[in-house]
Amino acid sequence: MSKLYTPVAVGPIALSHRVVQAPLTRLRAEQPGDVPGDLMATHYGQRASQGGLQIAEATTVSVTGRGYLGAPGIYSAAQVAMTGGVTPVAPSVVPFEQVVFTQDGWVPVSPHRALALEEIPGIVEEFRAGAERAKAAGFDGVEIHGANGYLLDQFLQDGSNKRTDRYGGSTQNRARLLLEVVEAVTGVWGGDRVGVRVGPSGSWAGMSDSDPEATFGYVARALNRFGLAYLHVIEPRIVGAEAPVEGKPPVADAQIRKIFMGPIIVAGGFERDGAEEIVERGDADLVAFGRHFSANPDLPERLKRKLPLNAYDRDSFWGGDHRGYTDFATYEDAKAA
């Protein structure tokens, strides 16, 4: 049997296999309120497997941190209805052409402003408070999203971080906010129930870095002291939900494996054979699937038995109703029908 289907531990949690449901922004939270409802519960319930790890989609820790209508929030007990037109924040004001999802569909982003130094402790506190609420909600742990152009990624990469204070300039300074957030969140959960997601060489949402190997090597080494459940690495061969160059091999995992001492989850364009190979090679301990999990609620079983996969529906990835979300059949149900 492939090592992909053998037990593994992430922190105190014992898993039966190494096929992970990746965090996918699907924009189905109920509005107003950014509240996960029955539709989302059904979606995740369908994709649960015995001893499997599911990572919930990116969840905002503050009302001002919302970038997509329909993304779930965890910033208050009774979710706030709207942002009230507050200007988005970033480490620096840099040219940025991107879109966000609103009630009017995909529209250009609002102009942003640079965070003032005195505002940064409040950002850290929002993550800590979000971790507290996630614990109260019954999650098994939390993943800190430091990739895909979100705020922590913006601070990490020097293409977006032009600050000259203690949060900008050197690699150590640019990594400071992420490490402060990790310290705050592990203070709530303990290190072994916290994961961190990073995207070395990630270019989604306008990200760039002049020396990603140095930047993310420093981050991986600095995270060792927290005793994390895992480090989740997105391969740069994937940009958002696209593979700009087909057939490009994974590269980031092998670099990070030499540095990070804990379990590593990799994500980004993996098929069954590539997932089995990277785990057998030892460059990763678990593999996260996104697009295939969206269309195959029984994905771990299909991969294990080498069964055909349902085709995913790209048009239903971001927003909508049950179509392309909860209406995919398992292999056995389809066979019976």
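Above: the structure in question.
Here the structure is a predicted model, which means the values were calculated and not measured.

Asker: When you look at the packing of aromatic side chains in this model, what are you seeing that I'm missing?
Answerer: Aromatic ring pairs are reported here in terms of the distance separating the ring centres and the angle at which the planes meet. Counted by the stated rule, this structure contains three aromatic pairs. Summarising the aromatic geometry, the rings of phenylalanine 155 and tyrosine 167 are spaced 6.4 Å apart at their centres and angled 85° between planes, so their arrangement reads as edge-to-face. Of this pair, phenylalanine 155 sits in helix H3 (residues 151-156) while tyrosine 167 sits in the loop between H3 and helix H4 (171-174); the two residues are twelve residues apart in sequence, bridging distant segments of the chain. A relative accessible area of 0% means that phenylalanine 155 is categorised as buried. Judged by centre distance (5.7 Å) and plane angle (85°), the rings of phenylalanine 317 and tryptophan 318 are edge-to-face. According to the relative accessible area criterion, tryptophan 318 is partly exposed, its value standing at 34%. Positioned over the ring face of tryptophan 189 is lysine 135, at 5.6 Å from the centre of the ring. Just above the ring of phenylalanine 270 sits the side chain of arginine 237; from NZ or CZ to the centre is 4.5 Å.

Asker: Help me out: how do you make sense of the pattern of salt bridges in this one?
Answerer: Between side chains of opposite charge, pairing is possible as soon as their charged atoms come close. Evaluated as defined, the whole model comprises 13 salt bridges. Notably, a salt bridge pairs arginine 128 with glutamate 132, separated by 3.1 Å at the nearest N-O pair. Placement of the pair is arginine 128 and glutamate 132 together in helix H2 (residues 120-136), with a separation of four residues, close to one helical turn. Note on arginine 128: relative accessible area 27%, which makes it partly exposed. Linking aspartate 285 and arginine 257 is a salt bridge whose minimum nitrogen-to-oxygen distance equals 2.8 Å. Separated by 28 residues along the polypeptide, aspartate 285 in the loop between helix H8 (272-281) and strand S13 (286-289) and arginine 257 in helix H7 (residues 252-257) bring together distant segments of the chain.

Definitions and cut-offs
Residues numbered from 1 in each chain as written. Predicted model: local features only at pLDDT ≥ 70, side-chain atom pairs only at ≥ 80, totals over all residues. Heavy atoms only, no water. Phe/Tyr/Trp six-rings, centres within 6.5 Å; stacked < 30°, edge-to-face > 60°. Helix = DSSP H or I, 4+ residues; strand = E, 2+ residues; numbered from the N terminus. Buried < 20%, exposed > 50% of the residue type's maximum accessible area, 1.4 Å probe, protein only. Lys NZ or Arg CZ within 6 Å of the ring centre and 35° of its normal. Salt bridge = Lys/Arg side-chain N within 4 Å of Asp/Glu carboxyl O.

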